[in-house]
Amino acid sequence: QVQLVESGGGLVQAGGSLRLSCAASGRTFSRYAMGWFRQAPGKEREFVAAINWSGGSTVYEDSVKGRFTISRDNAKNTVYLQMNSLKPEDTAVYYCAARSTQYFGSYLYDYDYWGQGTQVTVSS
C-alpha cells in the first residue's frame, strides 16, 4: 500500500513557474514508477508525465514537452514536477500516481495508487 500526498499547487501568472511535490509513504518507493496527471474542469483526467523507478527514463505529453520536468528522489520518497512557462490551459487539478512496477505507463489504468490532487491555476 502506498499513500501519496501532493503539494506545491497555487495561483501563478502566465509565464510563471511552480514545482509540485508528491510525498509517498512506505519503504519501497523505488519499486514504483510514478506519474503525474491533471484534470481540468469539465474534462477527463489526462496524462502529463511519468518516470521510471530509477529516474533514468521519462516521458511527457506533447503539450508540456520542454516546459515541464519530472524527477524523483528515492531517498526522500518524493517525485517532483517542475512546471515552467505556464499557460492558462495548464490550469487543472494535478494528481500524482504510483504504478506497482518499475516501468512507467501513460494511461490511467496503468496506475494503482493516487493522491488527492493539488490545484494549479494560471491566470492570463
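Residues numbered from 1 in each chain as written. Predicted model: local features only at pLDDT ≥ 70, side-chain atom pairs only at ≥ 80, totals over all residues. Heavy atoms only, no water.

A. Quick look at the state of the cysteines. Enumeration over the complete set of coordinates arrives at 1 disulfide. Covalent S-S linkage joins C22 and C96, the inter-sulfur distance amounting to 1.8 Å. Separated by 74 residues along the polypeptide, C22 in strand β3 (residues 18-24) and C96 in strand β9 (residues 92-99) bring together distant segments of the chain. Residues C22 and C96 agree in their burial class; the two are buried. (Disulfide = S-S within 2.5 Å. Helix = DSSP H or I, 4+ residues; strand = E, 2+ residues; numbered from the N terminus. Buried < 20%, exposed > 50% of the residue type's maximum accessible area, 1.4 Å probe, protein only.)

B. Local environment of the sheet that holds β3. What the 4 strands build is an open sheet, ordered β1-β3-β8-β7; its pairing is antiparallel. Among the strands making up the open sheet, the edge pair consists of β1 (4-7) and β7 (68-73). Within the sheet, the average angular offset between the axes of one strand and its neighbour, ignoring direction, is 15°. Taken together, the 6 bridges between β3 and strand β8 (residues 78-83) define a ladder with antiparallel strand orientation. Bridge pairing in β8 links C22 to V79. (Pairing = 2+ DSSP bridges. Axes fitted to C-alpha atoms, helices over the stretch in contact; angles between N-to-C directions.)

C. Broad picture of the nonpolar core. Counting residues in hydrophobic clusters, the biggest one holds 29 residues, and the most contacted among them are L4, M34, W36, L81, M83 and Y94. Listed by contribution, the elements that provide at least two residues to this core are β3, β4 (33-39), β5 (46-51), β7, β8, β9 and β11 (118-123). Beyond its immediate chain neighbours, meaning those up to four positions away, Y94 contacts E6, L20, W36, F37, R38, V48, F68, L81, M83, G117, T118 and V120. Judged by nonpolar contacts, the second largest core, of 5 residues, contains F37, F47, A97 and Y111. (Core = buried A, V, L, I, M, F, W, Y, C linked by side-chain atoms within 4.5 Å. Contact = heavy atoms within 4.5 Å.)

D. Representation of the pairing of β9 in the model. The element β9 is extensively covered by neighbouring structure, given that 7 of its 8 residues are classed as buried. Where β4 lies against β9, 7 bridges are found, and the strand directions are antiparallel. Within β9, the position partnered with R38 by the bridge is Y94. Note: β9 against β11, 3 bridges, orientation antiparallel. Following the sheet pairing, V93 is matched in β11 by Q119.

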